[in-house]
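Topology and contacts: notes
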Amino acid sequence: MIFKAVGDGRPYPDHGLGSRDWAKIPPRQVRLDQLITTKRELDLQSLLSRDSTFYGDLFPHVVHWRGEFYLEDGLHRALRAALHQRLVLHARVLDLDAR
């Protein structure tokens, strides 16, 4: 199994962070098998695109809430890492448990 679970939506409260706020969070390593996705579907074109991160953040966004890690943004990057047989992913992690 690649991810811990495949979710459908964000079970955590709205954090109100914009792209500039996310950019202030330093990336850290997260194991793919600890992530719960917040999207059930993936745009295959995004996965296969060479410049899929050209306009966005280079690092996926993960929310830590109630002891779980939710992959909010960057599903295509996480899946691409799994296809390259990587076990970890560098991501920006917002810890709502610490707030």
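Residues numbered from 1 in each chain as written. Predicted model: local features only at pLDDT ≥ 70, side-chain atom pairs only at ≥ 80, totals over all residues. Heavy atoms only, no water.

1. Describing helix 3 (residues 75–83)
Across the 9 residues of helix 3, 7 count as buried, placing the element largely inside the fold. Among the residues of helix 3, those classed as buried are Leu75, His76, Arg77, Ala78, Leu79, Ala81 and Ala82. Two residues or fewer past helix 3, glutamine 85 is found with a positive phi of approximately 60°. (Buried < 20%, exposed > 50% of the residue type's maximum accessible area, 1.4 Å probe, protein only. Helix = DSSP H or I, 4+ residues; strand = E, 2+ residues; numbered from the N terminus.)

2. With respect to the packing of aromatic side chains
Scanning all chains against the criterion turns up 1 aromatic pair. Taking 5.6 Å as the distance between ring centres and 50° as the angle between the ring planes, the aromatic pair formed by tyrosine 12 and tyrosine 70 counts as tilted. Taken as a pair, tyrosine 12 in the loop between strand 1 (5–6) and helix 1 (19–23) and tyrosine 70 in strand 5 (residues 68–73) lie far apart in primary sequence, 58 residues in all. Across this residue pair, the class does not change: tyrosine 12 and tyrosine 70 are buried. (Phe/Tyr/Trp six-rings, centres within 6.5 Å; stacked < 30°, edge-to-face > 60°.)

3. Here we look at the pairing of strand 5
Across 3 bridges, strand 3 (residues 35–37) lies against strand 5 in parallel orientation. Its bridge partner lying in strand 5, threonine 37 is registered against leucine 71. As judged from the 5 bridges shared by strand 4 (residues 61–65) and strand 5, these two strands associate in the antiparallel manner. What sits directly across from histidine 64, in strand 5, is phenylalanine 69. (Pairing = 2+ DSSP bridges.)

4. Considerations on the confidence of the model for the protein chain
With 87% of its residues at a pLDDT of at least 70, the protein chain reaches an overall mean of 89. Model confidence for the protein chain, summarised as mean pLDDT per element, is weakest for helix 2 (residues 44–48) at 64 and strongest for strand 2 (residues 27–31) at 98. (pLDDT = per-residue confidence, 0-100.)

5. A look at unusual backbone geometry
Phi at arginine 66 takes a positive value of approximately 50°, unusual for a residue other than glycine. Relative to the elements of secondary structure, arginine 66 occurs in the loop between strand 4 and strand 5. One non-glycine residue, glutamine 85, lies in the positive phi region at around 60°. Topologically, glutamine 85 is positioned in the loop between helix 3 and strand 6 (88–95). We classify glutamine 85 as exposed; its relative accessible area is 70%.

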